[in-house]
Amino acid sequence: MHSLLPFLYLFLVGTNRAGASDPTMPFMEYLDQDHLVCLKWGFDDLQGNITFKLVVNTTGWVGFGFSTNGGMKGSDIVMGGLGPSGSYFKDYHATGNSMPLVDEQQSYTLLSLTESEGQTIVTFERSIQSCDDQDFHITAQPIKVIYAYGSTDEITYHAARRGTKEVNLLNYTPRTILTNGNFLNATVDNINLPPIHTYYHCKVMKFPTLNTKHHIYLVEPVIEHHDIVHHMLLYRCPSFVTEPYDKPCYGGDIGDACFGVVATWAVGGGVSELPENAGIPVGGEDREMFYRLEIHYNNPNNITGRTDSSGLRLYYTAQLRQHDVGIMTAGLQTLDHLQYNIPPKASQFHTYSVCNTSIFSQRVNPLPDLHVFAVLMHTHLAGRKVRVGHYRNGKQIDFLGLDENYNFEMQQMTNLGNIKTIKQGDEIAVECTYSTINRTRVTQMGLATTDEMCLAFLFYYPAIEISTCVSHPDTKHPSMKTSYKMTTSDQDGIAEYESLLKNLPQLQLIMDDDGNFFHGNAMIREMMKTPTVTCQNNNASSSLGTSWIVNLAAIILLLLCIAIM
């Protein structure tokens with residue numbers, strides 16, 4: 001049976017029960033995998049109110065909120081339900097993993113609260129730009145929403161009845177609901193997983209022949225074991241890879257040279273859908289094309305006897321879209337011998353890398369304008385923040401990606417909400433912030449989950465024949481202090497070491513789709529402060545009408561205001 005048919009059934013049933021005909025709340029996301037928690041929302045403009053409807057399969061209390069990192073601490077929460085004495089509903093904030101505190105200012109307005117057919121349905125609204133310090137500011141960036149619920153109306157510990165999901169409320173892209181569609185499977189088949197903490201498995205394969213060019217428009221993860229599958233990458237192979245295999249990665253096989261990213265998935269992510277005017281090209285090549293599926297398994301308990309058949313499902317169409325999509329890997333080159341180590345006991349430690357697109361002219365000349373529409377940012381367990389800066393003529397003009405509250409458990413391709421254009425000669429810098437305050441040994445840059453990475457996958461069009469643009473500091477430079485002891489816990493010493501690495505010349509590595517390498521040098525430029533949101537008091541209540549279409553000019557104006565602050 002088609003893998004999305006059960007989803008379609010649940011979608012239709014769930015939305016009908018949630019009141020799908022309401023035109024004031026056209027957007028909908030299930031917040032959990034079992035479709036027990038449904039969120040709907042809508043708004044008129046970015047200066048007014050936003051209305052939510054939460055439908056939960058329980059007759060007990062329900063909770064919903066916003067969080068910086070998907071956890072309780074610092075989150076903005078509402079909780080309510082329908083008990084023996086009638087409805088109850090309040091605005092809270094959390095100071096830790098304990099019972100949230102009631103806000104002094106109740107910023108959320110309850111519109112309705114009912115129970116029907118075993119579900120609690122609560123509708124409420126708030127101002128998009130809240131001026132309450134105990135509330136979360138809703139912006140045009142993805143937001144981590146959290147939920148919890150109980151089996152009774154006594155608000156106590158939720159146990160496993162909780163979860164989190166990243167949603168862009170103000171720049172939402174509805175997901176395609178597939179009733180029928182052609183797809184390619186890139187999956188492993190019942191492989192045996194060794195009882196080791198970190199295991200990378202690679203399968204080099206051919207897809208069924210597509211005689212003409214098609215476009216992939218949606219990527220669906222197919223995951224058998226959510227507890228151990230950490231990330232999956234599908235790469236296009238260069239022409240010299242001509243044989244399939246199915247074995248551990250990075251053992252010196254020729255397929256290790258496949259690095260043209262076609263599709264991505266990381267822990268916490270879901271279905272990824274491309275814009276209506278763009279697709280990832282597949283088929284119609286003048287040679288046999290091989291692909292490498294890489295799956296990172298994270299098995300910290302070294303469990304034995306497990307098998308897995310996970311992978312990616314790629315939905316494609318013969319109706320070609322306007323643009324071919326490319327995915328470019330930027331960030332810090334991850335090789336053990338580079339000696340770019342993160343000290344222990346660091347409250348915060350920054351790593352930097354740069355991609356200077358002027359070097360692309362060695363392979364692509366002239367370079368067309370590259371229109372970036374989405375980004376996936378990636379670190380491991382010590383990562384706390386990721387910022388992707390965009391520079392032109394030596395000055396930063398924008399951010400291509402921002403996550404000030406990075407959560408390892410929630411890694412999703414993020415639509416930017418608007419197109420950001422890279423021109424020839426522009427630079428892309430990736431900054432990652434780590435915390436190793438609880439570690440006693442250095443953290444290496446490497447493949448293991450306990451190692452670290454600092455990468456940004458840029459989704460753009462039109463596709464060019466450049467797959468990778470990474471860099472690393474020249475740690476063999478004469479200014480490198482070889483006597484520095486990485487075991488220090490002195491924060492001043494750690495900051496000195498960070499500054500030293502930041503100011504070293506950067507050695508760039510650029511790779512094209514054929515596996516050819518190009519090199520260049522660059523320096524790290526200063527990155528601007530992260531834009532902040534200015535609170536604006538709005539005493540006039542903005543009621544929602546039947547029109548829910550977002551004013552595009554208002555979004556552009558807001559983004560411009562944020563960008564220049």
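These figures come from a predicted structure and were not determined experimentally. (Residues numbered from 1 in each chain as written. Predicted model: local features only at pLDDT ≥ 70, side-chain atom pairs only at ≥ 80, totals over all residues. Heavy atoms only, no water.)

1. Overview of the sheet that holds strand β31 (residues 427–434)
Our working definition: Note: two strands are recorded as paired if DSSP finds a minimum of 2 bridges between them. The helix count covers DSSP runs of H or I at least four residues long, the strand count covers runs of E at least two residues long, and both are numbered beginning at the N terminus. Lines fitted to C-alpha atoms define the axes, with helix axes restricted to the stretch in contact, and inter-axis angles between N-to-C directions lie between 0 and 180 degrees.
The sheet built from 4 strands is open, its strands ordered β26-β31-β28-β29 with antiparallel pairing. One side of each edge strand has no neighbouring strand; the edge strands of this open sheet are β26 (349–356) and β29 (395–403). Geometrically, the sheet is characterised by an average inter-axis angle of 20° between neighbouring strands, direction not taken into account. Summarising the sheet, β26 and β31 pair through 8 bridges and their orientation is antiparallel. Counted as the bridge partner of C355 is I428 from β31.

2. Digging into the side chain of K420
The condition that has to hold: Relative accessible area decides the class of each residue, using a 1.4 Å probe on protein chains only: under 20% of the type maximum gives buried, over 50% gives exposed, and in between gives partly exposed. Each polar contact in these results corresponds to two N or O atoms within 3.5 Å; when the atoms are within protein, one needs to be able to donate a hydrogen and the other to accept it, and residues that are neighboring in sequence are counted only if both atoms are side-chain atoms. In what follows, a contact means two residues having at least one pair of non-hydrogen atoms within 4.5 Å.
The residue K420 is located in strand β30 (residues 414–422) in this model. The exposure class assigned to K420 is buried, which follows from its relative accessible area of 14%. In this structure the side chain of K420 is engaged in a polar contact, spanning 2.6 Å, whose partner is the backbone oxygen of F399. When neighbours within four sequence positions are excluded, K420 is seen to be in contact with L370, H371, V372, D398, F399 and L400.

3. A short note on the side chain of E29
Relative to the helices and strands, E29 resides in strand β1 (residues 27–30). The exposure class of E29 is buried, given its relative accessible area of 12%.

4. Here we look at helix α2 (residues 491–502)
Going by this rule: Multiplying one less than the number of residues by 1.5 Å gives the expected span of a helix.
For α2, which comprises 12 residues, the first-to-last C-alpha distance of 16 Å matches the rise-based estimate of 16 Å (1.5 Å per residue) to within 8%. Turning to α2, its buried residues are G493, I494, Y497, E498, L500, L501 and K502. Turning to α2, the residues buried within the fold contact β26, β33 (466–473) and β34 (506–512).

5. Looking at the packing of aromatic side chains
What describes a pair of aromatic rings is the distance from one ring centre to the other and the angle between the planes of the rings. Here is the rule we go by: Aromatic contacts are taken between Phe, Tyr and Trp rings whose centres are within 6.5 Å, Trp giving its six-membered ring; a plane angle under 30 degrees counts as stacked, one over 60 as edge-to-face, and the others as tilted. Look at NZ for Lys and CZ for Arg. If either is within 6 Å of the ring centre and within 35 degrees of the ring normal, a charge sits over the ring.
For the structure on display, the rule yields 18 aromatic pairs. Between the aromatic rings of F27 and F43, the centroid separation amounts to 6.2 Å while the plane-to-plane angle is 45°, which identifies the pairing as tilted. Separated by 16 residues along the polypeptide, F27 in strand β1 and F43 in strand β2 (residues 37–43) bring together distant segments of the chain. Accessibility classification places F27 together with F43 in one group, the buried group. Among the aromatic residues, those joined into a cluster by ring pairs are F52, F64, F66, F89, Y108, F124 and F136. The residue whose ring lies beneath K247 is Y245, and the NZ or CZ to ring-centre distance is 5.4 Å. The aromatic ring of F183 is capped on one face by R313, whose charged end is 4.5 Å from the ring centroid.

6. Points about the state of the cysteines
Our working rule: Pairs of cysteine sulfur atoms within 2.5 Å are identified as disulfides in what follows.
Taken as a whole and judged by the stated rule, the model has 4 disulfides. A sulfur-sulfur distance of 1.9 Å marks the disulfide that ties C202 to C249. Sign of the S-S torsion, about 105° for the bond between C202 and C249, identifies this disulfide as right-handed. You can see C202 sitting in strand β14 (residues 198–206) and its partner C249 sitting in the loop between β17 (245–248) and β18 (260–266), a full 47 residues away along the chain. Under the relative-accessibility criterion, C202 is labelled buried at 0%. A disulfide bridge connects C237 with C258, and the sulfur atoms are separated by 2.1 Å. The chirality of the disulfide connecting C237 with C258 is right-handed, given an S-S dihedral of about 100°. A residue pair is termed long-range when its members are at least 10 positions apart, and C237 in the loop between β16 (229–236) and β17 and C258 in the loop between β17 and β18 qualify at 21 residues.

7. Section: the sheet that holds β2
Judged by pairing direction, the sheet is antiparallel, and its 5 strands sit side by side in the order β1-β2-β3-β9-β8 without closing on themselves. Bordering the open sheet on either side are β1 and β8 (109–116), each of which pairs with just one other strand. Strand-to-strand twist of the sheet, defined as the mean angle between neighbouring strand axes without regard to direction, takes the value 15°. For β8 and strand β9 (residues 119–127), the ladder comprises 7 bridges, and the chain directions are antiparallel.

8. Comments concerning the pairing of β31
In terms of burial, β31 is largely enclosed, as 8 of its 8 residues are buried. Burial of the side chains of β31 extends over both faces: E427, A429, E431 and T433 are buried on one face and I428, V430, C432 and Y434 on the other. Sheet topology note: the strand β28 (residues 383–392)/β31 ladder contains 8 bridges and is antiparallel. Residue pairing in the sheet places K385 in a bridge with T433 of β31.

9. Looking at unusual backbone geometry
Of the consecutive residues N365 and P366, the connecting peptide bond is found in the cis state with omega at 5°. Assignment of secondary structure puts P366 in the loop between β26 and β27 (370–378). Of note, the amide linkage connecting Y461 to P462 takes the cis form, showing an omega dihedral of -5°. As for its position among the elements, P462 is in the loop between β32 (455–461) and β33. With a phi close to 50°, N302 is a non-glycine residue in the positive phi region. Turning to its location among the elements, N302 is positioned in the loop between β21 (290–298) and β22 (306–308). With a phi angle near 55°, N393 is a residue other than glycine that sits in the positive phi range. Tracing the sequence through the fold places N393 in the loop between β28 and β29. Classification of N393 by relative accessible area gives exposed; the value is 76%.

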